[in-house]
Amino acid sequence: MRYIGSVIIPLTAFFRVVFSVSVVGVAPDNQDKYVPDKNGNWRCLNNPEIIISFDKVNDDYCDCPDGSDEPGTSACPNGKFYCENKGHFGQYIDSYKVHDGVCDYEICCDGSDENNYEEGYIPCPDKCKEINEDYNKRKDSKVKLVTEGLKIKEKLIEKSKKLVEDIKDEKIRLQNDVNSIETEINELENSKASISLE
């Protein structure tokens, strides 16, 4: 146990309070994986046998083979950086694109892959609102197009059903005509046979 002011809390809880700031490049549902142990250490996510000091997370040096210690930098070539994209959809971008001086708005519309958190410099302004509006317009347009297409499809299905019924009716009519003609032929042949016998 450790004393903080007049409150006694377990050491692990202390670290959770101290390090409650979210880790850059980590999705909200994975933040709980980025909490130090009671000694201030942290284990690589896919290589838990490798233990590093928690202050080495996002220090721009790749300590973990899986790159999990550098979610917010481009230090590990196999890493993934999470762009929160508030107001749009959160997405992952390959870590080699982090801090490369290119605004990757198609993935990180919030520009977070280019934010220099130490200096507070943001070279890529957040465009999620505009991108989301454009996305919704395109989505609405596609929905409208699909809806119209489905209505046309329904009309074609109904027309096809009517055509099939018409063909069936015509087939029945023609079969009745054939039957009538065959009956007439039989009657004529019978008449011919009767005449021949006389």
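### Comments concerning the overall build of the chain
Then, in step 1: The number of helices and strands found in the chain is 2 helices and 6 strands.
Then, in step 2: Each helix and strand of the chain, ordered N terminal to C terminal, gives the series β-β-α-β-β-β-β-α.
Then, in step 3: Every one of the 198 residues in the chain was classed for burial, and the buried ones make up 25%.
Then, in step 4: In the chain, the proportion of contacts linking residues at least 24 apart, taken out of those at least 6 apart, comes to 25%.
Then, in step 5: For the chain, the accessible surface area stands at approximately 14200 Å², while carbon and sulfur atoms represent 55% of it.

### Remarks on the pattern of salt bridges
Then, in step 1: For the structure shown, the criterion picks out 7 salt bridges.
Then, in step 2: Between Glu165 and Lys168 there is a salt bridge; the shortest N-O distance is 3.9 Å. Of this pair, Glu165 and Lys168 both sit in helix α2 (residues 128–197), 3 residues apart, roughly one helical turn.
Then, in step 3: Classification of Glu165 as partly exposed rests on a relative accessible area of 42%.

### Thoughts on the state of the cysteines
What is meant by a disulfide is a covalent connection between two cysteines, made through their sulfur atoms.
Then, in step 1: A complete count under the given rule lists 5 disulfides for this structure.
Then, in step 2: The partner cysteine of Cys44 in its disulfide is Cys64, sulfur to sulfur 1.9 Å. Because the sign of the S-S torsion sets the handedness, a value of about -75 degrees for the bond joining Cys44 and Cys64 places this disulfide among the left-handed ones. Residue Cys44 is found in the loop between β3 (41–43) and β4 (51–53), and its partner Cys64 is found in the loop between β4 and β5 (80–83); the two are separated by 20 residues along the sequence. Note on accessibility: Cys44 and Cys64 belong to one class, buried.
Then, in step 3: The disulfide partner of Cys103 is Cys124, and the S-S distance across this bridge is 1.9 Å. When the S-S torsion is -90 degrees, as for the bridge of Cys103 with Cys124, the disulfide is left-handed. In this pair, Cys103 is assigned in the loop between β6 (91–94) and α2 and Cys124 in the loop between β6 and α2, connecting sequence segments 21 residues apart.

### Notes on the nonpolar core
Then, in step 1: Core analysis: the largest hydrophobic core is formed by 9 residues, namely Val23, Val26, Tyr34, Trp42, Cys44, Ile52, Phe54, Val57 and Cys64.
Then, in step 2: Apart from residues no more than four positions distant in its own chain, Cys64 is found in contact with Trp42, Cys44, Asp69 and Cys76.
Then, in step 3: Grouped together as the second largest cluster of nonpolar side chains are 6 residues, Phe81, Cys83, Val98 and Cys108 included.

### With respect to the environment of Ser53
Then, in step 1: Tracing the backbone shows Ser53 in strand β4.
Then, in step 2: Put simply, Ser53 and Asp37 are 16 residues apart on the chain and 9.5 Å apart in space, counted from C-alpha to C-alpha.
Then, in step 3: Those residues in contact with Ser53 that lie beyond four places of it in its chain are Gly40 and Asn41.
Then, in step 4: A distance of 2.7 Å separates polar atoms of two side chains, one belonging to Ser53 and the other to Asp55.

### What about the side chain of Asp66?
Then, in step 1: With respect to the secondary-structure elements, Asp66 resides in the loop between β4 and β5.
Then, in step 2: Buried within the structure, Asp66 lacks any salt-bridge partner; Lys33 is the closest side chain of opposite charge, at an N-O distance of 10.0 Å.
Then, in step 3: Only 2.8 Å separates the side chain of Asp66 from the side chain of Ser68, close enough to count as a polar contact.
Then, in step 4: Setting aside chain neighbours within four positions, we find Asp66 in contact with Cys44, Leu45, Asn46, Asn47 and Asn78.

### Here's the deal with the packing of aromatic side chains
Then, in step 1: Under the definition given, this model contains 3 aromatic pairs.
Then, in step 2: Seen in terms of ring centroids, Tyr34 and Trp42 are 5.0 Å apart; in terms of plane orientation they differ by 20 degrees. Their pairing is stacked.
Then, in step 3: Overall, the relative accessible area of 3% leaves Trp42 in the buried class.

### As for the environment of Ala27
Then, in step 1: Here Ala27 lies in the loop between α1 (11–18) and β3.
Then, in step 2: Between the alpha carbons of Ala27 and Cys83 there is a distance of 7.7 Å; along the sequence they are 56 residues apart.
Then, in step 3: Those residues in contact with Ala27 that lie beyond four places of it in its chain are Tyr82 and Tyr92.

Reading guide: rules and limits
- Residues numbered from 1 in each chain as written.
- Predicted model: local features only at pLDDT ≥ 70, side-chain atom pairs only at ≥ 80, totals over all residues.
- Heavy atoms only, no water.
- Helix = DSSP H or I, 4+ residues; strand = E, 2+ residues; numbered from the N terminus.
- Buried < 20%, exposed > 50% of the residue type's maximum accessible area, 1.4 Å probe, protein only.
- Contact = heavy atoms within 4.5 Å.
- Areas by Shrake-Rupley, 256 points an atom, 1.4 Å probe, with all protein chains shown as cover.
- Salt bridge = Lys/Arg side-chain N within 4 Å of Asp/Glu carboxyl O.
- Disulfide = S-S within 2.5 Å.
- Core = buried A, V, L, I, M, F, W, Y, C linked by side-chain atoms within 4.5 Å.
- Polar contact = N/O pair within 3.5 Å; in protein donor to acceptor, adjacent residues only side chain to side chain.
- Lys, Arg positive; Asp, Glu negative; His and termini not counted.
- Phe/Tyr/Trp six-rings, centres within 6.5 Å; stacked < 30°, edge-to-face > 60°.

The values reported here are purely geometric and, on their own, carry no functional implication.
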